[in-house]
Amino acid sequence: MIIQKVLKMVFFLVFLGWLMIWMIVPTKTFKNKWTPNLRKLDSPYLERQGINLLLLTFPIMFIAAFGCVYLHLQKKSEKLYTKSACKTGHLAFLRRPVLVKPTLGIVTLTELAFAAMFIALLTWSLANYINLNHSGHLYMDKGVEVWQARLRSVSLRIGYVGNICWAFLFFPVTRGSSILPLVGLTSESSIKYHIWLGHLSNFLFLLHTIGFVIYWGITHQMYLMLEWSSTWVPNVAGEIAMFFAGAMWITSFRRIRTKMFEVFFYTHQLYALFIFFYLLHVGAAYFFMIIPGIFLFVVDRHLRFLQSRQRVRLLAARLLPSGMIELNFAKSPEVKYNPTSIMFVNIPSISKLQWHPFTVTSSSSMEPDRLSIAIKCQGSWSRRLFRSLSSSSSSSLDHLQVSVEGPYGPASSQFLRHETLVMVSGGSGITPFISIIREILHQTNQQQTDAAASSKLPHVLLICAFKTSADLAILDLLLPLSLDPSSHLPPRLHLRIEAYVTQDHHQQLDPAQKLIQTTWFKPNPLDSPITPTLGSNSWLWLGAIIASSFAMFLLLLRIVTRYYIYPIEREDGNYHFSYWTLWEMFLMCACVFLASSGVFLWRKKGTAVEGRQMKSMEVPTPTASPGSWFSDVEDRGVESIPHQSLVEATNVHHGGRPDLKKLLSECEGPDTGVFVCGPREMRHEVAKICASDLGENLHFESISFNW
């Protein structure tokens with residue numbers, strides 16, 4: 001515990017110093033005092049980028065590598081389910097929603113404060129860059145007036161500020177990051193920061209591009225648009241990068257992204273070309289200003305690629321009358337994850353290129369050798385999958401090839417720290433709460449068998465809204481496929497479900513829809529169980545990859561510089577500007593690929609034998625949909641006893657929406673956690689209630705997968 005506190009304090013001080021350096025870089029003090037002194041320490045073989053490497057790259061790489069050690073120690077010593085771990089009191093106000101807007105979403109006080117500080121950093125940097133240039137030597141081409149030179153200077157400095165955004169851009173999309181868990185974030189919860197930074201950086205780069213085009217136009221230097229200089233910034237590379245950035249930017253706006261997801265998805269794969277030409281444009285020195293985020297992203301991306309090359313063993317598929325699909329996979333018991341995790345899935349028979357994220361509904365504590373996800377038929381991909389599984393020949397379907405990435409999720413189960421847990425969902429938004437209820441169900445069973453267990457589990461209120469009565473079948477997923485039908489739900493489980501059917505004014509179920517269709521797949525020798533990914537299941541190995549690949553990168557860069565680049569510069573005077581960057585990109589990717597592939601293959605050997613020994617087995621599964629529980633009480637037999645308990649905890653309301661304000665105001669406990677997942681309007685309504693005077697005891701958290 002002491003080591004963890006020391007490491008956390010060190011990380012905080014290093015990160016604070018890193019931010020301070022970003023504030024000092026655009027000032028006269030840095031240029032006139034720091035730079036001359038640092039160049040005395042700088043290696044003659046790394047030139048200017050050595051300063052950026054020391055000040056802006058090392059701190060984050062240090063945190064990323066040793067952060068894995070901290071997370072490993074935290075995982076070993078963490079007592080997830082003790083009430084002493086609850087820290088929702090003093091700092092809870094920092095997580096309260098203060099701004100709810102359609103464009104920005106739900107913004108907490110902490111997010112608003114950091115956003116304001118980040119904008120202040122960009123403004124400070126731009127002002128100092130401009131002042132530094134105008135007060136010193138203003139670059140002027142022959143025959144150019146002062147105001148035109150200042151236009152060029154401002155446009156250049158706007159590009160510098162956009163580069164600051166890039167220093168943070170890739171942290172939120174690094175799914176197996178060791179940075180995000182240190183501040184209590186996941187890639188899914190912080191994806192909105194990537195969106196904000198993407199919009200802001202593209203806007204700044206657009207101003208940068210327009211400013212230079214105008215400058216070249218009014219100074220009759222349009223030929224510079226086609227220049228690829230060997231000694232300075234290649235303009236063509238910047239224009240190509242801006243073209244790719246513009247395509248990704250336009251298709252990432254919410255209206256296009258939601259209505260034409262495939263257009264957004266395929267266009268966004270241009271990010272590799274955008275990064276390539278962008279780095280060629282900014283050059284080696286500025287590459288080292290933003291390399292930490294890119295380096296960690298490349299590590300994560302290659303590990304995900306290695307995992308996705310494996311075919312995983314699909315055990316069974318449950319098709320619900322509501323159009324929901326539950327896929328059940330075999331997994332290694334070593335794979336641990338927390339509720340609300342997600343997993344990316346690829347099914348080549350549906351689409352070889354598309355990867356879609358789905359909520360993990362299983363609990364790794366309750367089902368150590370299985371993992372399940374829920375898929376709602378909403379898009380063309382999921383509809384094709386549903387038709388494939390529900391066709392007349394699906395009962396004889398022997399095999400379905402599937403690849404996965406993940407699972408990814410929070411580092412701890414913070415929801416268990418609340419005294420009361422209120423979960424509000426709309427439609428398929430109930431899926432992340434299924435894993436929470438299963439985890440609480442497991443913890444309740446554990447307490448019944450362990451007399452020494454003293455931790456108190458939260459009382460649970462699930463408020464779920466559905467369009468039709470058939471959608472009530474989703475509640476069947478609250479119970480895992482492997483649950484013994486003769487078992488009862490634990491009496492100590494304090495669960496109340498308020499289900500609202502908005503479009504049906506009374507129970508309307510087609511008798512043909514009462515049955516759940518379950519398809520079991522035969523094992524295939526080419527398939528293997530889901531194995532632990534390098535990250536939350538193996539922090540030390542991830543830290544070893546980060547540290548070794550970065551050390552290897554620095555060593556090889558020094559060798560190439562010393563024995564190849566420096567002799568050329570000594571003879572010819574200058575080494576090609578773009579070749580410098582190409583060497584850095586090549587060495588970075590090569591070192592990452594070597595280190596991560598070596599560790600991945602080493603760990604794969606240990607899981608290969610285990611995967612061969614695991615066998616698929618069928619277990620009894622309920623055949624009645626919960627949609628029928630509420631209308632045909634006499635049809636329920638002994639085999640539905642667990643469902644009977646669930647029915648007793650469920651109140652179904654037809655023909656109306658839930659009065660969220662009333663329901664939440666009735667929660668009088670001093671520590672009530674409110675989780676919401678569903679349509680944007682519902683999330684915003686709950687956020688506004690929690691932000692009002694009625695929500696002083698409500699601790700809000702939104703779970704959104706609508707990127």
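It should be emphasised that the depicted structure is a prediction, and the values quoted were computed from it without experimental measurement.

Asker: Report on the overall build of the protein chain, specifying residues and quantitative values.
Answerer: When helices and strands are counted, the protein chain shows 17 helices and 15 strands. Out of the 707 residues in the protein chain, the part that is buried amounts to 54%. Here the contacts in the protein chain between residues at least 6 apart in sequence split such that 80% fall between residues at least 24 apart. Accessible surface for the protein chain amounts to roughly 32,300 Å². Of this, 62% is attributable to carbon and sulfur atoms.

Asker: Residue-level account of the pattern of salt bridges, with values.
Answerer: Following the criterion strictly, the structure yields 11 salt bridges and no others. Residues Arg496 and Glu498 are paired through a salt bridge, measuring 2.7 Å at the closest nitrogen-oxygen approach. For Arg496, a relative accessible area of 37% gives the class partly exposed. Linked by salt bridges that have partners in common, Arg175, Asp300, Arg301, Arg304 and Glu405 make up one network.

Asker: I'd love a proper account of the confidence of the model for the protein chain, names of residues and values included.
Answerer: Looking at the protein chain, pLDDT values average 81 and 83% of them are 70 or higher. Below a pLDDT of 50 lies the segment residues 614-644, which in the model reaches 78 contacts outside its immediate sequence neighbourhood of four places, other chains included.

Asker: How would you explain the sheet that holds strand β7 (residues 370-376) if you had to name every residue and give the values?
Answerer: Ordered by their spatial adjacency, 7 strands build an open sheet running β8-β5-β6-β7-β4-β3-β12, and the pairing between neighbours is antiparallel. Two strands in the sheet have a free side with no partner beyond their single neighbour: β8 (403-408) and β12 (517-520). Each strand of the sheet is rotated relative to its neighbour by a mean of 25 degrees, with strand direction disregarded. As defined by bridge partners, strand β6 (residues 356-360) adjoins β7 across 2 bridges and the pair is classed as antiparallel. In the strand pairing of β7, Val360 is matched with Ile373.

Asker: Mind laying out the sheet that holds strand β13 (residues 650-654), listing which residues take part and the relevant values?
Answerer: An order of β13-β11-β10-β9-β14-β15 is seen for the 6 strands of this open sheet, with the pairing classed as parallel. Since the sheet does not close on itself, it has two edges, and those belong to β13 and β15 (698-702), each with one partner. Looking at each pair of strands side by side, their axes are set apart by 15 degrees on average, direction ignored. Pairing geometry for strand β11 (residues 495-501) and β13, over 5 bridges, is parallel.

Asker: Could you give an account of the nonpolar core, with specific residues and numbers?
Answerer: One finds Trp166, Tyr278, Leu279, Ile294, Phe295 and Phe553 to be the most contacted residues of the largest nonpolar core, which totals 88 residues. The greatest single-element share of this core, amounting to 21 residues, is contributed by helix α10 (residues 271-308). Apart from residues lying up to four places away in sequence, Tyr278 is in contact with Asn163, Trp166, Phe205, Ala241 and Ile290. Formed by 35 residues, the second largest nonpolar core is a distinct cluster that contains Ala374, Leu416, Ile430 and Leu462.

Asker: Which residues make up the packing of aromatic side chains, and what are the values?
Answerer: If you walk through the whole model with that rule in mind, you get 40 aromatic pairs. Between the aromatic rings of Phe62 and Phe66, the centroid separation amounts to 4.9 Å while the plane-to-plane angle is 40 degrees, which identifies the pairing as tilted. Residue Phe62 and its partner Phe66 are both found in helix α3 (residues 49-77); the two are separated by 4 residues, about one turn of the helix. Through pairs of rings, three or more aromatic residues link up here, namely Trp166, Phe170, Phe205, Tyr271, Phe274, Tyr278 and Phe297. The positively charged end of Arg175 is found above the aromatic ring belonging to Phe344, 3.5 Å away from the centroid. Against the face of Tyr563 rests Arg562, its NZ or CZ located 5.1 Å from the ring centre.

Asker: An account of empty space enclosed by the protein is needed here, citing residue identities and associated values.
Answerer: Applying the stated rule across the entire model yields 5 cavities of 30 Å³ or more. Considering only enclosed or pocket space, the largest cavity measures out at about 290 Å³ in volume. Every residue lining the largest cavity is counted, 23 residues in all, and those nearest its centre are Leu303, Pro532, Thr533, Leu534 and Phe600. If you list the elements that add at least two residues to the lining of the largest cavity, you get α10, α13 (539-572) and α14 (577-613). Residue contributions to the lining of the largest cavity peak at 6 residues, all from α10. In terms of residue class, the lining of the largest cavity is made up of 10 nonpolar, 9 polar and 4 charged.

Asker: With reference to specific residues and values, describe unusual backbone geometry.
Answerer: Note that the residue after Gly406, namely Pro407, is joined by a cis bond; omega there is 5 degrees. Residue placement: Pro407 occurs in strand β8. Despite not being glycine, His220 has its phi angle at roughly 60 degrees, a positive value. With respect to the helices and strands, the residue His220 is situated in the loop between α6 (191-218) and α7 (235-251). Using a relative accessible area of 69% as the deciding quantity, one classes His220 as exposed. Unusually for a residue other than glycine, Thr340 sits at a positive phi of about 75 degrees.

Asker: Summarise a nonpolar patch on the surface; cite the residues concerned and give the values.
Answerer: Together, Ile2, Val6, Val10, Phe62, Phe66, Val69 and Leu540 make up a nonpolar patch on the protein surface, roughly 590 Å² of accessible area in all. Within the residue set of the nonpolar patch, elements represented by two or more residues are α1 (2-24) and α3.

Asker: Could you give an account of the environment of Val173, naming the residues involved and the relevant values?
Answerer: Structurally, Val173 is set in the loop between α5 (146-169) and α6. On the accessibility criterion, Val173 (15% relative accessible area) is buried. With residues up to four places along the chain from it excluded, the contact list for Val173 reads Ser187, Ile191, His194, Phe297, Asp300 and Arg304.

Asker: I'd like a rundown of a negative patch on the surface, residues and numbers included.
Answerer: Negative charge collects at one region of the surface, where Asp659, Glu666, Glu668 and Glu685 lie side by side. You can see Glu668 is positioned in the loop between α16 (660-665) and β14 (672-677).

Asker: Any chance you could break down the pairing of strand β10 (residues 459-466) for me, citing the residues and the numbers?
Answerer: Of all 8 residues that make up β10, 7 are buried, and the element is covered over most of its length. Note: strand β9 (residues 420-426) against β10, 7 bridges, orientation parallel. By the bridge assignment for β10, Val424 is matched with Ile463.

Asker: An account of the state of the cysteines is requested, with residue identities and associated values reported.
Answerer: Throughout this description, disulfide means a covalent bond between two cysteine sulfur atoms. What the rule picks out here adds up to 0 disulfides. Here Cys589 stays free of any disulfide, with the sulfur of Cys591 as its closest cysteine sulfur at 9.5 Å.

Asker: Break down the pairing of β11 for me, with residues and values.
Answerer: For a regular strand, side-chain orientation follows a simple rule: the groups alternate between the two sheet faces. Counting buried positions along β11 gives 6 out of 7 residues, so the element sits mostly inside the fold. Strand direction decides the pairing type here: β10 and β11, joined by 7 bridges, are parallel. Looking across to β11, one finds that Phe466 is bridged to Val501.

Asker: Lay out the side chain of Gln4 in plain terms, naming residues and giving numbers.
Answerer: Along the chain, Gln4 turns up in helix α1. Residue Gln4 is classed as buried on the basis of its relative accessible area of 9%. Once you skip the residues sitting within four places of it in the chain, Gln4 turns out to touch Tyr70, Leu73, Gln74 and Ser77.

Asker: Explain the packing of α5 against α10 to me, and be specific about the residues and the numbers.
Answerer: Across the interface, α5 lies against α10 with an axial gap of 9 Å and an inter-helix angle of 60 degrees. When the interaxial angle is binned, α5 and α10 end up oblique. Seen from above, α5 lies across α10 with right-handed handedness. Contacts between α5 and α10 pair Tyr160, Asn163, Trp166 and Ala167 from the former with Phe274, Ile275, Tyr278, Val282, Tyr286, Met289, Ile290 and Ile294 from the latter. Each residue belonging to the contact of α5 with α10 can be placed in one class, and the counts come to 11 nonpolar, 1 polar and no charged.

Rules used throughout
- Residues numbered from 1 in each chain as written.
- Predicted model: local features only at pLDDT ≥ 70, side-chain atom pairs only at ≥ 80, totals over all residues.
- Heavy atoms only, no water.
- Helix = DSSP H or I, 4+ residues; strand = E, 2+ residues; numbered from the N terminus.
- Buried < 20%, exposed > 50% of the residue type's maximum accessible area, 1.4 Å probe, protein only.
- Contact = heavy atoms within 4.5 Å.
- Areas by Shrake-Rupley, 256 points an atom, 1.4 Å probe, with all protein chains shown as cover.
- Salt bridge = Lys/Arg side-chain N within 4 Å of Asp/Glu carboxyl O.
- pLDDT = per-residue confidence, 0-100.
- Pairing = 2+ DSSP bridges.
- Axes fitted to C-alpha atoms, helices over the stretch in contact; angles between N-to-C directions.
- Core = buried A, V, L, I, M, F, W, Y, C linked by side-chain atoms within 4.5 Å.
- Phe/Tyr/Trp six-rings, centres within 6.5 Å; stacked < 30°, edge-to-face > 60°.
- Lys NZ or Arg CZ within 6 Å of the ring centre and 35° of its normal.
- 1 Å grid on protein atoms, 1.4 Å probe; cavity = no way out; pocket = protein on both sides within 12 Å on 5 of 7 lines; lining within 4 Å.
- Points joined across faces, edges and corners; volume = space filled by probe spheres on them.
- Nonpolar A, V, L, I, M, F, W, Y, C, P; charged D, E, K, R; others polar.
- Patch = residues over 30% accessible without salt bridge, like charges linked within 9 Å, V, L, I, M, F, W, Y side chains within 5 Å.
- Lys, Arg positive; Asp, Glu negative; His and termini not counted.
- Charge placed at Lys NZ, Arg CZ, Asp CG, Glu CD.
- Disulfide = S-S within 2.5 Å.
- Parallel < 35°, antiparallel > 145°, perpendicular 65-115°, else oblique.
- Left-handed = near helix turned anticlockwise from the far one by under 90°.

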